[in-house]
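Per-entry structural report
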Amino acid sequence: MIARFLPGSTTTIPDVAAVPRHIAIIMDGNGRWAKKRFMPRVMGHKQGVESLRKVVKACRDFGVDYLTVFAFSSENWRRPKDEVTFLMALFLKALEREVCKMHENNIRLKIIGDRSRFAEELKQSMIDAEALTASNSGLTLTIAANYGGRWDVINAVQSMLKAHPQLAQNFTEADLQPYLSLGDAPEPDLFIRTGGEQRVSNFMLWQLAYTELYFTDTLWPAFGRKEFEKALDSYKNRERRFGQTGEQVQRNQNA
Ligand code: IPE
Ligand code: IPE
Ligand code: MG
């Protein structure tokens, strides 16, 4: 694995721009959206794909470089079997249907998470979609599937030690960073969670160290461009201090 070294927000103060370079989203509230309309929960998941399409378009328009979305958590296997089966089928269908359009739009698709539990057909589709879009230079869209933040850290430690057994004695953040799922991406600047819950639900625990958090009650299937712009506006008004004082930040901005 050849990894670019990207300093983390706890070791270096990153450059901050008005538009986030990397946005991470927990797309929550699909089931409640459907229930409110007297439809089965899974219709909310179906509609959620449309919201993702809108947000991908908005990210491209605003010049966001990385979008990472939580599609299925390592804990979502606890859901009723029918819902899990539907989600897997939807994932496969959406991948197969959308990948050519993504490729035309210069999008690089990546999938993170533990793939070992997925069906062979889905695993193959993931490999094909990533291979087709690997050299695209536009938006990097990362889909977290059977992903968990704790899994990510443990997996990274294991991979690092396999490659460099001597690091078992002592290692740094910089040693570990390339082995994390998003080791080749900057840390998220903005985290969005739809659906009203204010929690992280085991998503990107390591990478969110200094990310700005934005929560909205809007349910994911109802989230579109207008809501996305509201989140960007909120981000624009944040002062990212990374441990410094407000005075230090302002002095640096005026320098
Ligand atoms: C998020 O929506 C999608 C997944 C977890 C796959 P939910 O299905 O969690 O919707 P709510 O939270 O029950 O409304
Ligand atoms: C988090 O949503 C996972 C995804 C959006 C894929 P959940 O709806 O599963 O989260 P909790 O369990 O309510 O925290
Ligand atoms: Mg939920």
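The text that follows walks through the structure, step by step, so that each part is easy to find. (Residues numbered from 1 in each chain as written. Chains lettered and ligands numbered in written order. Predicted model: local features only at pLDDT ≥ 70, side-chain atom pairs only at ≥ 80, totals over all residues. Heavy atoms only, no water.)

**Description of the environment of Val 42**
By secondary structure assignment, the location of Val 42 is in helix α2 (residues 41-62). Look past the residues within four positions of Val 42 in its chain and what remains in contact with it is Glu 83 and Phe 86. (Helix = DSSP H or I, 4+ residues; strand = E, 2+ residues; numbered from the N terminus. Contact = heavy atoms within 4.5 Å.)

**Some remarks on the packing of aromatic side chains**
Scanning the model with the defined rule gives 10 aromatic pairs in all. When the ring of Phe 72 is compared with that of Trp 77, the centres are 5.0 Å apart and the planes differ by 75°; the resulting orientation is edge-to-face. Judged by centre distance (6.1 Å) and plane angle (40°), the rings of Trp 77 and Phe 118 are tilted. Taken together, the residues Trp 77 in the loop between β2 (66-73) and α3 (81-104) and Phe 118 in the loop between β3 (108-112) and α4 (120-133) connect sequence positions 41 residues apart. The exposure classification of Trp 77 matches that of Phe 118, with both residues buried. An aromatic cluster of at least three residues, connected via ring pairs, comprises Phe 70, Tyr 147, Trp 151 and Phe 203. (Phe/Tyr/Trp six-rings, centres within 6.5 Å; stacked < 30°, edge-to-face > 60°. Buried < 20%, exposed > 50% of the residue type's maximum accessible area, 1.4 Å probe, protein only.)

**Remarks on the pattern of salt bridges**
Taken as a whole and judged by the stated rule, the model has 23 salt bridges. Between Glu 83 and Arg 79 there is a salt bridge whose closest N-O contact spans 2.8 Å. By sharing partners, the salt bridges in this structure join Asp 28, Arg 32, Arg 193, Glu 197 and Arg 199 into a single network. (Salt bridge = Lys/Arg side-chain N within 4 Å of Asp/Glu carboxyl O.)

**Points about the site of ligand 2**
Looking at ligand 2, the residues that line it are Ile 26, Met 27, Asp 28, Phe 70, Ala 71, Phe 72, Ser 73, Asn 76, Arg 79, Arg 193, Arg 199 and Ser 201. Measuring from an oxygen atom of ligand 2, one finds a side-chain N or O atom of Arg 79 at 3.2 Å. Within the side chain of Arg 193, a nitrogen or oxygen atom sits 3.2 Å from an oxygen atom of ligand 2. For ligand 2, the accessible surface in isolation is 390 Å², of which the surrounding protein chains cover 78%. The biggest single contributor to the shell around ligand 2 is β2, with four residues. Partitioned by chemical class, the residues of the shell around ligand 2 number five nonpolar, three polar and four charged. (Near = heavy atom within 4 Å. Polar contact = N/O pair within 3.5 Å; in protein donor to acceptor, adjacent residues only side chain to side chain. Areas by Shrake-Rupley, 256 points an atom, 1.4 Å probe, with all protein chains shown as cover. Nonpolar A, V, L, I, M, F, W, Y, C, P; charged D, E, K, R; others polar.)

**A closer look at the side chain of His 45**
One can find His 45 in helix α2. Looking at His 45, its side chain comes within polar contact range of the side chain of Glu 83, at 2.9 Å. Those residues in contact with His 45 that lie beyond four places of it in its chain are Asn 30, Arg 79, Glu 83, Phe 86, Leu 87 and Leu 90.

**Observations concerning helix α5 (residues 149-163)**
Relative to the 21 Å expected for 15 residues at 1.5 Å per residue, α5 spans 21 Å between its end C-alpha atoms, a close match to the ideal helical length. Elements that come into contact with the buried residues of α5 comprise β4 (140-147) and α6 (173-176). (Expected span 1.5 Å × (residues − 1).)

**Examining the packing of α2 against α3**
Orientation of α2 relative to α3, taken along the N-to-C sense of each, is 30°, at an axis distance of 10 Å. For the element pair α2 / α3, the angle class is roughly parallel. The handedness of the crossing between α2 and α3 comes out as right-handed. From α2, Arg 41, Val 42, His 45, Lys 46, Val 49 and Arg 53 reach across to α3, where they touch Glu 83, Phe 86, Leu 87, Leu 90, Ala 94, Arg 97 and Glu 98. Taken together, the residues of the contact of α2 with α3 sort by class into six nonpolar, one polar and six charged. (Axes fitted to C-alpha atoms, helices over the stretch in contact; angles between N-to-C directions. Parallel < 35°, antiparallel > 145°, perpendicular 65-115°, else oblique. Left-handed = near helix turned anticlockwise from the far one by under 90°.)

**Let's talk about the site of ligand 1**
What surrounds ligand 1 is the set Met 27, Asp 28, Gly 29, Asn 30, Gly 31, Arg 32, Arg 41, His 45, Ala 71, Asn 76, Arg 79 and Leu 87. Within the side chain of Asp 28, one N or O atom sits 2.8 Å away from an oxygen atom of ligand 1. One of the backbone N or O atoms of Gly 31 is found 2.9 Å from an oxygen atom in ligand 1. Notes on ligand 1: free accessible area 380 Å², of which the protein chains cover 87%. For the shell around ligand 1, the elements supplying multiple residues, two or more each, are α1 (30-36) and α2. Sorting elements by how many residues they give to the shell around ligand 1 places α1 first, with three residues. Broken down by class, the residue content of the shell around ligand 1 amounts to three nonpolar, five polar and four charged.

By themselves these figures say nothing about function.
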